[in-house]
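As a plain string of letters, each chain reads:
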Amino acid sequence: MSSDKYKGYRGKGLAVLKEHGVSVWSDVDVVAESGRFRGIILPRSETADENHIVLKLNNGYNVGLTADTIISLKEMGRREAHYKIPEKDFPYDSKKPNVKLFGTGGTIASRLDYRTGAVIPAFSPGELYGSVPELADICNLTTEKLFGVFSENMGPEQYIKTAKRIGEEIEKGADGIVIGHGTDTMHHTAAILSFMVQDSPIPIVMVGSQRSSDRPSSDAALNLINAVKAAAEGDIAEVLVCMFGPTSDQYGLLHRGTRVRKMHSSYRSTFRTIGDIPLAMINRKGLIHLRDDYKRRRSDRNAKINTAFEEKVTILYYYPNMLPDIVDACVDNNYRGIVIAGTGLGHVNKPLYPAVKRACDKGVHIYMTVQTLWGYVQMYVYETGREIMELGVVPACNMLPEVAYMKLCWALGQTDDREKVEKIMLTPVNGEITDREPYNGYLIYQGAIPEVQEFLRTIKR
Ligand code: ASP
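What counts and what doesn't
- Residues numbered from 1 in each chain as written.
- Predicted model: local features only at pLDDT ≥ 70, side-chain atom pairs only at ≥ 80, totals over all residues.
- Heavy atoms only, no water.
- 1 Å grid on protein atoms, 1.4 Å probe; cavity = no way out; pocket = protein on both sides within 12 Å on 5 of 7 lines; lining within 4 Å.
- Points joined across faces, edges and corners; volume = space filled by probe spheres on them.
- Near = heavy atom within 4 Å.
- Polar contact = N/O pair within 3.5 Å; in protein donor to acceptor, adjacent residues only side chain to side chain.
- Areas by Shrake-Rupley, 256 points an atom, 1.4 Å probe, with all protein chains shown as cover.
- Nonpolar A, V, L, I, M, F, W, Y, C, P; charged D, E, K, R; others polar.
- Phe/Tyr/Trp six-rings, centres within 6.5 Å; stacked < 30°, edge-to-face > 60°.
- Helix = DSSP H or I, 4+ residues; strand = E, 2+ residues; numbered from the N terminus.
- Buried < 20%, exposed > 50% of the residue type's maximum accessible area, 1.4 Å probe, protein only.
- Lys NZ or Arg CZ within 6 Å of the ring centre and 35° of its normal.
- Pairing = 2+ DSSP bridges.
- Salt bridge = Lys/Arg side-chain N within 4 Å of Asp/Glu carboxyl O.
- Arc of directions from axis to C-beta.
- Contact = heavy atoms within 4.5 Å.

Caption draft 1: Representation of the layout of surface pockets. Of the volumes computed, that of the second largest pocket is approximately 310 Å³. Lining the second largest pocket are 17 residues, and of these D276, R291, D293, T434 and R436 sit closest to its centre.

Structural data, given as structure tokens:
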């Protein structure tokens, strides 16, 4: 027997495969004590335990079954998974726009490592194209892997390098830029890039995927096609996030980089514009604008790049009975800025006041945002709000907490002067502060309507 036939299986796991005459890549019907499953037997890591077999189910999930609990195991066929996608050279057409795709990592740049069952960032941008050839119908694509990290590992070093590379590509004449990025912190990166790269003449479109491309329900290809289309043909020259609109693949949404947030841990339609409506819908035919107050594409190359960043800034998410020592700890550890995500219109409890006052007196810049996400900080309504402002806390209008955090990092990277910081913070760069929320903004135009209709249709049956 070749060892590949039972790759990684030992002990009871190996015994159960042999007993039933199946091996790695067998498509099996399994009856176990926990239920019945249909899937492919995956190879295992040499270091995995001996007591399980691992199946890749048709829905894309992996399941481990204890060998002792298997009642029957029948081979229905064989299906070897080919997960190595060859790098392909992108065809060049002088009539098509030139788009630069930067890879930073995340699920969109990931595949399943069948040895370990883990999702690993191992897709190069070239492989990414190899798996989505439709991209060649839209543009000439050049790719560059900036990093290969899951997005929780993005930070100032990566933001600064990305902003600088964007600036260089704009100067070189790119018609659009796409940034493949993990979804978890895509809104943080979208916010900081909106501040670091201003007045871009071309679209800068961030894209990710909630499900890796080896899964049938993956959103990677469609999101990528939509993002590349928005970068190549779209006229919105801003930092955008392009992801699924509704839970189905009907259309994508283009969200402004300063008003967007990941709102669901697993849905593909996870990104929502908060406090506003998205800028546009996008499908294979092109963009459908939902509003017209956006920055237009230009032919000049005059973007402003400012990569200032102060790391000693934090967000305090207020909860009832937060103790003052948390605020003291920030001061004692030389934090220069604090964004509070307060309750309701922007509140914290009274026992926190002396610590907040001490922080402000020591020169820490404190800004108030709301944890409701929708709506404005309004600190004149209740006595609490007025008192907190008297301590030196500045209301940050309707800036989202993460956006205010990124803006404060950026502002404090430039100056420590109170008035100047306040001026930077409260002067909108690109929609992070707006005069009003549109009446139809709250949960409308978010891809929700078709889903509500679908829900009603299914429950009426
Ligand atoms: N954990 C991943 C990341 O943010 C999730 C994703 O890409 O969707 O990098």
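After that view, the rundown keeps rolling.
Caption draft 2: Representation of the site of the ligand in the model. Neighbouring the ligand are G106, T107, F150, S151, G182, T183, D184, S209 and Q210. Between the ligand and T183 there is a distance of 2.5 Å, counted from an oxygen atom to a side-chain nitrogen or oxygen. Within the backbone of S209, an N or O atom sits 2.9 Å from an oxygen atom of the ligand. Taken by itself the ligand offers 260 Å² of open surface, and the protein chains cover 88% of this. Looking at the shell around the ligand, its residues break down into one nonpolar, seven polar and one charged.

Caption draft 3: Region of interest: the packing of aromatic side chains. Across all of its chains, the model carries three aromatic pairs by this definition. An angle of 50° between the planes, with centres 5.9 Å apart, marks the rings of Y159 and F309 as tilted. Here Y159, found in helix α4 (residues 156-172), pairs with F309, found in the loop between β19 (304-305) and β20 (313-317); they are 150 residues apart in sequence, far enough to count as distant. Across the pair, F309 and Y159 agree in class, each one buried. Residues F195 and W410 carry aromatic rings whose centres are separated by 5.8 Å and whose planes lie at 25° to one another, so their mutual orientation is stacked. One end of the pair, F195, is in helix α5 (residues 186-196); the other, W410, is in helix α10 (residues 401-412), with 215 residues separating them in the sequence. Of the two residues examined, F195 and W410, each falls in the buried class. Here R296 stacks its cationic end above the ring of Y294, 3.9 Å away from the centre of that ring.

Caption draft 4: Looking closely at the sheet that holds strand β23 (residues 394-395). Spatially, the four strands line up as an open sheet ordered β20-β21-β22-β23, and their pairing is parallel. Across the chains shown, the open sheet's two edge strands, defined by having one partner strand only, are β20 and β23. Pairing between strand β22 (residues 365-370) and β23: two bridges, direction parallel. Paired with Y367 across the two strands is V394, which belongs to β23.

Caption draft 5: Focus on empty space enclosed by the protein. This model, assessed by the stated rule, comprises two cavities of 30 Å³ or more. When its volume is computed, the second largest cavity comes out at roughly 40 Å³. Along its surface, the second largest cavity is lined by H365, I366, Y367, V394, R418 and E422. Within the residue set of the lining of the second largest cavity, elements represented by two or more residues are β22 and α11 (418-426). Broken down by element, the lining of the second largest cavity gets its largest block of residues, three residues, from β22. Its residues assigned to classes, the lining of the second largest cavity comprises three nonpolar, one polar and two charged.

Caption draft 6: Focus on the pattern of salt bridges. Under the criterion given, the structure shown has 28 salt bridges. We note a salt bridge from K96 to D93, for which the minimum N-O separation is 3.1 Å. A relative accessible area of 23% places K96 in the partly exposed class. For D93, a relative accessible area of 24% gives the class partly exposed.

Caption draft 7: Quick look at the pairing of strand β3 (residues 52-57). Among the six residues of β3, five are classified as buried, and the element is accordingly described as predominantly covered. Examined bridge by bridge, strand β2 (residues 35-41) and β3 share three bridges and lie antiparallel to one another. Bridging from a neighbouring strand, I40 pairs with K56 of β3. With five bridges joining them, β3 and strand β4 (residues 62-66) adopt antiparallel strand pairing. By the bridge assignment for β4, V54 is matched with G64.

Caption draft 8: Summary view of α11. Considered for burial, the residues of α11 that qualify are V421, I424 and M425. Down the axis of α11, the buried side of the element spans an arc of 100°, and every buried residue falls inside it. Away from the buried face of α11 by more than 90 degrees, exposed residues E419, K420 and K423 are located. Buried positions along α11 lie against β22 and α10. Capping the start of α11, D417 holds a side-chain oxygen 3.2 Å from the backbone nitrogen of E419, two or three residues further along.

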